[in-house]
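Tertiary structure, described
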Amino acid sequence: MSEDSSGLSAAFKPGPDCLPIDDLARNMDFPPESVQRKAAEEHVSGCAHCRTELALLHEFVAGTVRADEKDAVDWIEGRLTTPQRFHHDPDGGRNCGRPDMPRRLRSLPP
Amino acid sequence: VDEQTDEELLGEARASSDPGLQREWLNRLFSRYHSRIALWCYRVTGERESAADLAQEVLIKAFQNLDTFRGDAKFSTWLYTITRNHCFNDAHRRVAQREHSMDPLDFDMPTSDRFDVRLEQDQELGQMRNMLQDNLDETEQRVMTLHYGEEMPLDSITRLLGLSNPSGAKAHIVSARRKLKTAVGRWRAIQARRGPA
């Protein structure tokens, strides 16, 4: 029998009822009795894609480093800098950070 | 400062007209996430140097798009979305650039585990979703979602989900496909007995 993974891909991609993860996460933060929370929970219970997305979000927020990852994460973190050069957004006073580009990105074409 | 929420720190930065103070508030805010971004990028790439580059790019992208954060969602969710999308796009690009690139969905699956999963109609898609829900365990569903739905490489999935079995995500895919093959076969046999609609 022939193999065609497109059917599997379709089954595991987000469906028409799936919300973007920020909307889904916000709805899951509503009180348990709220309409938004109940609708989100009902959808998530039957949707592998959204359950996976929520699990990954929770992993990111928890930020729990496993023992075999610690050295690498410490090393990477030690090389990270919050971008430091900003210019002030004159209209509205909203900060508009415009950091220096790192060397690797400066060398890329626009 | 440590007791202030992310959104409060961002509010302080936005309210300040002093670039130095803005920098200070934002530095405090983003520093909270350096480790989490580093961890995520490392799990996707599995390699320190490229993960460090990727993490720095995520920070830059977040800064450049800070105006788009409206406070509708939590700051952590907003930053996660940027991190996730940037890392997933980078993983797709790396797969595409491999010299002997394989279709990431077409790894060396044993012939006996292959089956026809072409779906003819939306009804079949719904049926397939029900089958995977009913037949696969939670880990298998997550692995299949990331591999077939998001086209993520197997090694990245293994690290993202913290799979500690020797062959990582691949074993879960093989197991899931065997279960689905059985379920699809059962369903198609029932359909055949019912005859054409």
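Quantities reported herein were computed from a predicted structural model and do not represent experimental measurements. (Residues numbered from 1 in each chain as written. Chains lettered and ligands numbered in written order. Predicted model: local features only at pLDDT ≥ 70, side-chain atom pairs only at ≥ 80, totals over all residues. Heavy atoms only, no water.)

1. Brief notes about the overall build of chain A
Broken down by element type, chain A carries six helices and zero strands. Each helix and strand of chain A, ordered N terminal to C terminal, gives the series α-α-α-α-α-α. A separation threshold of at least 6 residues defines the contact pool for chain A, and within that pool the share at least 24 residues apart is 34%. Split by element, the accessible area of chain A, about 6,400 Å² in all, is 55% carbon and sulfur. (Helix = DSSP H or I, 4+ residues; strand = E, 2+ residues; numbered from the N terminus. Contact = heavy atoms within 4.5 Å. Areas by Shrake-Rupley, 256 points an atom, 1.4 Å probe, with all protein chains shown as cover.)

2. Points about the overall build of chain B
For chain B, the helix and strand inventory stands at nine helices and zero strands. Counting from the amino terminus, helix and strand elements in chain B follow one another as α-α-α-α-α-α-α-α-α. Taking all 197 residues of chain B together, 49% fall into the buried category. Taking the intrachain contacts of chain B between residues at least 6 apart in sequence as the baseline, contacts between residues at least 24 apart amount to 65%. A total of about 9,400 Å² of accessible surface is found on chain B, and carbon and sulfur atoms cover 45% of it. (Buried < 20%, exposed > 50% of the residue type's maximum accessible area, 1.4 Å probe, protein only.)

3. Examining the packing of aromatic side chains
As enumerated under the stated definition, the model contains ten aromatic pairs over all chains in all. Ring centres of phenylalanine 30 of chain B and phenylalanine 63 of chain B lie 4.4 Å apart, and the angle between their planes is 35 degrees; this geometry places the pair in the tilted category. Taken as a pair, phenylalanine 30 of chain B in helix 2 (residues 19-31) and phenylalanine 63 of chain B in helix 4 (residues 48-64) lie far apart in primary sequence, 33 residues in all. Aromatic rings pair up to connect Phe60 of chain A together with Phe30, Tyr33, Trp40, Phe63, Phe69, Phe75, Trp78 and Tyr80 of chain B into one cluster. Its end group placed over the ring of tryptophan 25 of chain B, arginine 28 of chain B keeps NZ or CZ at 5.4 Å from the ring centre. (Phe/Tyr/Trp six-rings, centres within 6.5 Å; stacked < 30°, edge-to-face > 60°. Lys NZ or Arg CZ within 6 Å of the ring centre and 35° of its normal.)

4. Focus: the interface of chain B and chain A
Between chain B and chain A, the contact holds 75 residues from the first and 65 residues from the second. Taking both sides of the interface into account, the surface hidden between chain B and chain A amounts to around 6,500 Å²; carbon and sulfur atoms contribute 59%. Among the residues chain B hides against chain A, the three largest losses belong to Arg48, Phe63 and Tyr80 of chain B. Together they make up 10% of the total. Scanning the region where chain B abuts chain A turns up seven salt bridges. With a closest N to O distance of 3.9 Å, lysine 13 of chain A and glutamate 151 of chain B form a salt bridge. At the junction of chain B with chain A, the criterion picks out 18 residue pairs in polar contact (both at pLDDT 80 or more). The leading source of residues in the side of chain B that touches chain A is helix 4 of chain B, at twelve residues. In terms of residue class, the side of chain B that touches chain A is built from 34 nonpolar, 18 polar and 23 charged. (Buried area = accessible area lost by both parts, 1.4 Å probe. Salt bridge = Lys/Arg side-chain N within 4 Å of Asp/Glu carboxyl O. Polar contact = N/O pair within 3.5 Å; in protein donor to acceptor, adjacent residues only side chain to side chain. Nonpolar A, V, L, I, M, F, W, Y, C, P; charged D, E, K, R; others polar.)

5. Concerning the confidence of the model for chain B
Segments scoring low in pLDDT should not have their predicted coordinates read at a detailed level. Residues and elements named next belong to chain B. Residue-level pLDDT values for chain B average 87, and 86% of them are 70 or greater. Helix 6 (residues 122-135) is the least confidently modelled element of chain B, averaging 84 in pLDDT, while helix 3 (residues 34-45) averages 98, the highest of any element. Across the interfaces of the predicted complex, the ipTM metric reaches 0.87, alongside a pTM of 0.83. (pLDDT = per-residue confidence, 0-100.)

6. Regarding helix 9 (residues 169-194) of chain B
If you check helix 9 of chain B, its first and last C-alpha atoms are 37 Å apart, about what 26 residues at 1.5 Å a residue would give, namely 38 Å. Three or more residues of helix 9 of chain B are buried, namely Ala169, His172, Ile173, Val174, Ala176, Arg177, Leu180, Ala183, Val184 and Trp187 of chain B. (Expected span 1.5 Å × (residues − 1).)

7. Quick look at the packing of helix 2 (residues 21-28) of chain A against helix 5 (residues 75-97) of chain B
Contact pair helix 2 of chain A / helix 5 of chain B: the axes reach a minimum separation of 9 Å and the direction vectors enclose 155 degrees. Judged on the interaxial angle alone, helix 5 of chain B and helix 2 of chain A are roughly antiparallel. Helix 2 of chain A and helix 5 of chain B meet at a crossing whose hand is right-handed. Counted together, Ile21, Asp22 and Ala25 of chain A of helix 2 of chain A and Thr77, Tyr80 and Thr81 of chain B of helix 5 of chain B form the full contact between these two elements. (Axes fitted to C-alpha atoms, helices over the stretch in contact; angles between N-to-C directions. Parallel < 35°, antiparallel > 145°, perpendicular 65-115°, else oblique. Left-handed = near helix turned anticlockwise from the far one by under 90°.)

8. A look at the packing of helix 5 (residues 70-79) of chain A against helix 4 of chain B
Across the interface, helix 5 of chain A lies against helix 4 of chain B with an axial gap of 9 Å and an inter-helix angle of 45 degrees. What the angle tells us is that helix 5 of chain A and helix 4 of chain B run oblique. Relative to helix 4 of chain B, helix 5 of chain A is oriented so that their crossing is right-handed. From helix 5 of chain A, Asp71, Ala72, Trp75, Ile76 and Arg79 of chain A reach across to helix 4 of chain B, where they touch Arg48, Glu49, Ala51, Ala52, Asp53, Ala55 and Gln56 of chain B. Per-class residue counts for the contact of helix 5 of chain A with helix 4 of chain B are six nonpolar, one polar and five charged.

9. Here's the deal with unusual backbone geometry
Positioned with a positive phi, glutamate 151 of chain B is a non-glycine residue whose angle comes to about 55 degrees. Here glutamate 151 of chain B shows up in the loop between helix 7 (138-149) and helix 8 (154-160).

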